[in-house]
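This is what each chain is made of:
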Amino acid sequence: MEKLVIEGGQRLQGTIRASGAKNAALPIMIATLLAPGEHRLTNLPELADVSSTLSLLGRMGCPSLVGDSTKIDTTRIAFNEAPYDVVRKMRASVLVLGPMLARQGEARVSLPGGCAIGVRPIDQHLKGLEALGAKFELKGGYIHGTAGRLRGADITLDFPTVGGTENIIMAAVLAEGTTHLRNAAREPEVVDLCNFLTTLGAQIEGAGTDVITIEGVTRLTPASRPYPICPDRIETGTWLCAAAITGGDIEITDTDPAQLTDVLTKLQEAGCTITTSGTSIRCQGPETLRPFELTTEPYPGFPTDMQAQLMVLATLANGESTVTEKIFENRFMHVPELCRMGARIDAQGNVATIEGVPTLTGAAVMASDLRASAALVLAGLSAQGLTEVLRIYHLDRGYEHLVDKLKGVGARIARISDAVREESVMLAALDA
Ligand code: EPZ
């Protein structure tokens, strides 16, 4: 197993290119199941979750070839099952339900089970798919879905679930007739999925709004040109926070400022100078960060995936901040670890009150979920002394080339075996 070692205190300066969005890549790769043939995707990030999805498709009989343009061949589907060992590691695997019911009329998917940030049920997914005509039974921890030709329906979600919206859209595109999906998720990754489906011949209106209308078609075919995955807005926001917390100056290129309005506003509130132009965003961190209030909401509100990262800024602000998490029931796993670095955070239920301190101090800290891990890296970049971030397999799920990107803007960071205990060895790794 490996860990990250970080020596904080460097003002990070320079340019980082945003990778393709993990949360667009996963549904789009799974959506290839809807159109038999060879698909080509570009700007696919090199991430553990992307590899897991490609291996899941492979186990279903759809081989892929990774390169500048990644090919996925969905001509034949041999198995219509997403097994427990895949789903428990990557919840997004439940997205095979929609496409498989639409294409094969049958799907068998392990229930995802909970994860560090919450129970994360899929009741809304099933509600929508049943409205389209699917039938489900639960056996041995697996959901077994069957359907004849799906029929368009008028569906209203109880709340704008991202995965639920994506699963239902992927089923409705091949259903007979019209589907109106109301209270739909508006995230940019949902829009990217709809854009991809349109290149296959799907007829979708309203992507990015809370009412999405789908005219079912009888068949979909692979696009003639490779599809470019949209940029990762959460990765972008994470590196902007790296500039904010080190008093640095970082420009993110190949990204989309329009997808980050609430995050950029919050960074400005915290004292950062933000400059955007075309596909670039520049963040100059202040001498002293200012406190702020933050509440996570469905898009276009403040994204839950940026909550932990902004909380790190609050730990160093000159005053009291509050962070309210309204999307997941247990997304403060970074709090005890930040407190071990000297932060003063009082979390009661889904509200955290943060009293800023002058500086954090390095420590050995434990990653628990993807974005909490990113927050610990940010804290280490600012803290005095050495920080070790353990269980970095969480980070490998969502941050492509993390060490190289941060070294490229001046961070003292290295990836070493977690068996290394001697500080001299860690410092040598930082100088390598
Ligand atoms: C997607 O997860 C993202 N993952 C998450 O990013 C992101 O945090 C989340 O959307 C919210 O924006 C991918 O896109 C692969 P939801 P998803 O369904 O689809 C509850 C990251 O760090 N819920 O919008 O699972 C659920 O428990 C990851 O990149 C139900 O109760 O999110 C949660 O509390 C983490 N019933 C809330 O809704 C359902 O049927 C939001 O879930 C579905 C969801």
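Residues numbered from 1 in each chain as written. Predicted model: local features only at pLDDT ≥ 70, side-chain atom pairs only at ≥ 80, totals over all residues. Heavy atoms only, no water.

(A) Expanded view of the site of the ligand. Close contacts around the ligand come from 20 residues, with Asp-123, Gln-124, Thr-161, Asp-305 and Ile-327 the closest. Here Asn-23 contributes a side-chain N or O atom positioned 3.0 Å from an oxygen atom of the ligand. In the complex, 87% of the free accessible area of the ligand, which totals 820 Å², lies under the protein chains. Sorting the residues of the shell around the ligand by element identifies helix H1 (22-31), helix H5 (123-131), helix H6 (162-172) and helix H12 (370-382) as the ones contributing at least two each. Ranked by residues supplied to the shell around the ligand, first place goes to H5 with three residues. Taken together, the residues of the shell around the ligand sort by class into seven nonpolar, six polar and seven charged. (Near = heavy atom within 4 Å. Polar contact = N/O pair within 3.5 Å; in protein donor to acceptor, adjacent residues only side chain to side chain. Areas by Shrake-Rupley, 256 points an atom, 1.4 Å probe, with all protein chains shown as cover. Helix = DSSP H or I, 4+ residues; strand = E, 2+ residues; numbered from the N terminus. Nonpolar A, V, L, I, M, F, W, Y, C, P; charged D, E, K, R; others polar.)

(B) View of the pattern of salt bridges. This model, assessed by the stated rule, comprises 20 salt bridges. Note that Arg-412 is salt-bridged to Asp-431, the shortest N-O span being 2.9 Å. Of the two residues, Arg-412 sits in strand S24 (residues 412-417) while Asp-431 sits in helix H15 (residues 423-431), which places them 19 residues apart along the sequence. Of the residues examined, Asp-431 reaches a relative accessible area of 56% and is grouped as exposed. Connected through shared salt-bridge partners, Glu-2, Asp-396 and Arg-415 make up one network. (Salt bridge = Lys/Arg side-chain N within 4 Å of Asp/Glu carboxyl O. Buried < 20%, exposed > 50% of the residue type's maximum accessible area, 1.4 Å probe, protein only.)

(C) Representation of the sheet that holds strand S3 (residues 38-42). The strand order across the open sheet built from four strands is S4-S5-S3-S14, with neighbouring strands paired in mixed fashion. Every other strand in the sheet has two partners, leaving strand S4 (64-65) and strand S14 (227-228) as the edge strands with one partner each. (Pairing = 2+ DSSP bridges.)

(D) Representation of the sheet that holds strand S9 (residues 142-146). The sheet built from four strands is open, its strands ordered S6-S7-S9-S8 with mixed pairing. Each edge of the open sheet is held by one strand with a lone partner, namely strand S6 (81-82) and strand S8 (135-139). Of the strand pairs in this sheet, S8 and S9 are connected by five bridges, and their pairing is antiparallel. Across the sheet, the residue bridging to Lys-139 is Tyr-142, located in S9.

(E) Structural context of the domain arrangement of the chain. As assigned here, the chain comprises domain 1 (2-19 + 231-431) and domain 2 (22-228). Placing the centre of domain 1 and that of domain 2 at their C-alpha centroids yields a distance of 31 Å. On the domain 2 side, the residues contacting the 24 residues of domain 1 number 21 residues. The junction of domain 1 with domain 2 conceals about 1,800 Å² of combined surface from both sides, 50% of it contributed by carbon and sulfur atoms. Looking only at domain 1, the three residues that lose the most surface to domain 2 are Tyr-299, Arg-397 and Glu-400, adding up to 31% of its buried area. The interface formed by domain 1 and domain 2 contains two salt bridges. Across the domain 1-domain 2 interface, the total number found is eight residue pairs in polar contact (both at pLDDT 80 or more). (Domains from an automatic or database assignment. Contact = heavy atoms within 4.5 Å. Buried area = accessible area lost by both parts, 1.4 Å probe.)

(F) Representation of the packing of helix H8 (residues 233-246) against helix H10 (residues 307-315) in the model. Where H8 meets H10, the axes come as close as 10 Å, and the angle between the chain directions of the two elements is 10°. Compared by their axis directions, H8 and H10 come out roughly parallel. Between H8 and H10, the contacting residues are Ile-234, Thr-238, Cys-241, Ala-244 and Ile-245 on the first element and Gln-309, Leu-310, Val-312 and Leu-313 on the second. Split by residue class, the contact of H8 with H10 holds seven nonpolar, two polar and no charged. (Axes fitted to C-alpha atoms, helices over the stretch in contact; angles between N-to-C directions. Parallel < 35°, antiparallel > 145°, perpendicular 65-115°, else oblique.)

(G) The arrangement of the environment of Thr-359 in detail. Along the chain, the position of Thr-359 falls in the loop between strand S21 (351-355) and strand S22 (364-366). Remark: the alpha-carbon pair of Thr-359 and Glu-251, spanning 108 residues in sequence, is separated by 25 Å. If we skip the residues at most four places from it in the chain, Thr-359 touches Leu-316 and Gln-384.

(H) The state of the cysteines, seen in detail. A complete count under the given rule lists zero disulfides for this structure. Its sulfur unpaired, Cys-194 is 12 Å from the next cysteine sulfur, which belongs to Cys-230. As a non-bridged cysteine, Cys-283 has Cys-272 as the owner of its nearest cysteine sulfur, 3.9 Å distant. Given the relative accessible area of 0%, Cys-283 is considered buried. (Disulfide = S-S within 2.5 Å.)

(I) Here's a closer look at the packing of H1 against helix H2 (residues 48-59). Packing of H1 against H2 leaves a shortest axis separation of 10 Å and a crossing angle of 5°. Taken together, the axes of H1 and H2 lie roughly parallel to each other. Seen from H1, the contacting residues are Lys-22, Ala-25, Leu-26, Met-29 and Ile-30; seen from H2, they are Asp-49, Val-50, Thr-53, Leu-54 and Leu-57. Broken down by class, the residue content of the contact of H1 with H2 amounts to seven nonpolar, one polar and two charged.

(J) Here's a closer look at the nonpolar core. One finds Met-29, Ile-169, Val-173 and Leu-197 to be the most contacted residues of the largest nonpolar core, which totals 74 residues. No other element matches the seven residues that H1 contributes to this core. Not counting chain neighbours up to four residues away, the residues in contact with Ile-169 comprise Leu-181, Val-190, Cys-194, Leu-197, Ile-204, Ile-212 and Ile-214. One finds Ile-245, Val-357, Tyr-399 and Ile-413 within the second-largest nonpolar core, a separate group that totals 70 residues. (Core = buried A, V, L, I, M, F, W, Y, C linked by side-chain atoms within 4.5 Å.)

(K) Structural context of H5. All of the buried residues along H5 are Gln-124, His-125, Leu-126, Gly-128 and Leu-129. Downstream of H5 by one or two residues, Gly-133 has phi in the positive range, about 115°.

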